[in-house]
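# What the coordinates show
Below, each chain spelled out in residue letters.
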Amino acid sequence: QQPVQSPQAVILREGEDAVINCSSSKALYSVHWYRQKHGEAPVFLMILLKGGEQKGHEKISASFNEKKQQSSLYLTASQLSYSGTYFCGTVPFSGAGSYQLTFGKGTKLSVIP
Amino acid sequence: NAGVTQTPKFRILKIGQSMTLQCAQDMNHNYMYWYRQDPGMGLKLIYYSVGAGITDKGEVPNGYNVSRSTTEDFPLRLELAAPSQTSVYFCASSAQGVGNTEAFFGQGTRLTVV
């Protein structure tokens, strides 16, 4: 079942912060986050494996609440380069060997000067 | 490293025609995947493979076939193309199952069926 992302779209001014949420009705093993720019391939941002673990690099980080099957992506001090569509992908709790990466419908983020 | 390479980048098919979308990776990954992306719908898994000679259906396999004779290549075959197969197709690969590791995507094939 497809995870639910919110919001569907968000417009930010440079320097503002944003949070993108992802929730699933299934027990999850891990959550992926990808960013896709128009006409390009999705690019991996991070993977979260443990409940409550927060990962990130530079000004983009994420958390994973294993008990609630929810993940959030945090973008701080947004830059123009952050514009794109963000997808969460969920892996059900069938283990590390799973092929089953199911994507949400995406959140379109637009950063304006 | 080229990563995941897809050909062609664009293609227009007439209804009822067939074609093969090519995908090759040079990372020696065992796991390979085919997704389709329709506007506003995210990516849907068509087929996947966990190694040469092993393939299985994903969420939306109808109208497609795959084969995996080598580790590097994972072609997707469309038989009797229909307008509903108009989409952008992405091939991806991962070193292990996606539970623990990232998926690398090719640049996509934009297919239009008219």
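Data block above holds the structure.
What counts, and at which threshold
- Residues numbered from 1 in each chain as written.
- Chains lettered and ligands numbered in written order.
- Predicted model: local features only at pLDDT ≥ 70, side-chain atom pairs only at ≥ 80, totals over all residues.
- Heavy atoms only, no water.
- Disulfide = S-S within 2.5 Å.
- Helix = DSSP H or I, 4+ residues; strand = E, 2+ residues; numbered from the N terminus.
- Buried < 20%, exposed > 50% of the residue type's maximum accessible area, 1.4 Å probe, protein only.
- 1 Å grid on protein atoms, 1.4 Å probe; cavity = no way out; pocket = protein on both sides within 12 Å on 5 of 7 lines; lining within 4 Å.
- Points joined across faces, edges and corners; volume = space filled by probe spheres on them.
- Nonpolar A, V, L, I, M, F, W, Y, C, P; charged D, E, K, R; others polar.
- Contact = heavy atoms within 4.5 Å.
- Buried area = accessible area lost by both parts, 1.4 Å probe.
- Salt bridge = Lys/Arg side-chain N within 4 Å of Asp/Glu carboxyl O.
- Polar contact = N/O pair within 3.5 Å; in protein donor to acceptor, adjacent residues only side chain to side chain.

## Quick word on the state of the cysteines
Under the definition given, this model contains 2 disulfides over all chains. For Cys22 of chain A, the disulfide goes to Cys88 of chain A, at an S-S distance of 2.0 Å. When the S-S torsion is 70 degrees, as for the bridge of Cys22 of chain A with Cys88 of chain A, the disulfide is right-handed. Placement of Cys22 of chain A in strand 3 (residues 18–23) and of Cys88 of chain A in strand 9 (residues 84–92) is noted, with a sequence separation of 66 residues between them. Cys88 of chain A carries the same exposure label as Cys22 of chain A, and that label is buried. With its sulfur 1.8 Å from that of its partner, Cys23 of chain B forms a disulfide with Cys91 of chain B. Here the disulfide of Cys23 of chain B and Cys91 of chain B is left-handed, its torsion about the S-S bond being about -70 degrees. With Cys23 of chain B in strand 3 (residues 19–25) and Cys91 of chain B in strand 9 (residues 87–94), the pair connects residues that are 68 residues apart, well separated along the chain. On the basis of relative accessibility, which here comes to 0%, the residue Cys91 of chain B falls in the buried class.

## What about empty space enclosed by the protein?
Counted by the stated rule, this structure contains 1 cavity of 30 Å³ or more. Its volume calculated, the largest cavity comes out at about 50 Å³. Looking at the lining of the largest cavity residue by residue, the class counts come to 3 nonpolar, 5 polar and 1 charged.

## Focus: the interface of chain A and chain B
The interface is formed by 24 residues belonging to chain A together with 22 residues belonging to chain B. Each partner contributes to the roughly 1,900 Å² buried at the junction of chain A and chain B, and carbon and sulfur atoms together form 59% of this total. Taken as a group, Pro42, Tyr99 and Phe103 of chain A account for 29% of the area that chain A buries against chain B, more than any other trio of residues on that side. Taken together, chain A and chain B are joined by 0 salt bridges. Our count for the chain A to chain B interface comes out at 7 residue pairs in polar contact (both at pLDDT 80 or more). Of all elements in the fold, only strand 4 (28–36), strand 5 (43–48) and strand 9 of chain A reach the threshold of two or more residues within the side of chain A that touches chain B. Element by element, the count of residues in the side of chain A that touches chain B is highest for strand 4 of chain A, at 5 residues.

## Considerations on unusual backbone geometry
In this structure, Pro7 of chain A follows Ser6 of chain A across a cis peptide bond, with omega equal to -10 degrees. Along the chain, Pro7 of chain A turns up in the loop between strand 1 (4–6) and strand 2 (9–13). Cis geometry is found at the peptide bond from Thr7 of chain B to Pro8 of chain B, where omega equals -5 degrees. Residue position: Pro8 of chain B is located in the loop between strand 1 (4–7) and strand 2 (10–13). Positioned with a positive phi, Gln69 of chain A is a non-glycine residue whose angle comes to about 55 degrees. Considering the arrangement of structural elements, one finds Gln69 of chain A in the loop between strand 7 (60–65) and strand 8 (70–75). Accessibility expressed as a relative area gives 15% for Gln69 of chain A, which makes it buried. For Ala77 of chain A, which is not a glycine, the phi torsion comes out positive at approximately 45 degrees. With respect to the element layout, Ala77 of chain A can be found in the loop between strand 8 and strand 9.

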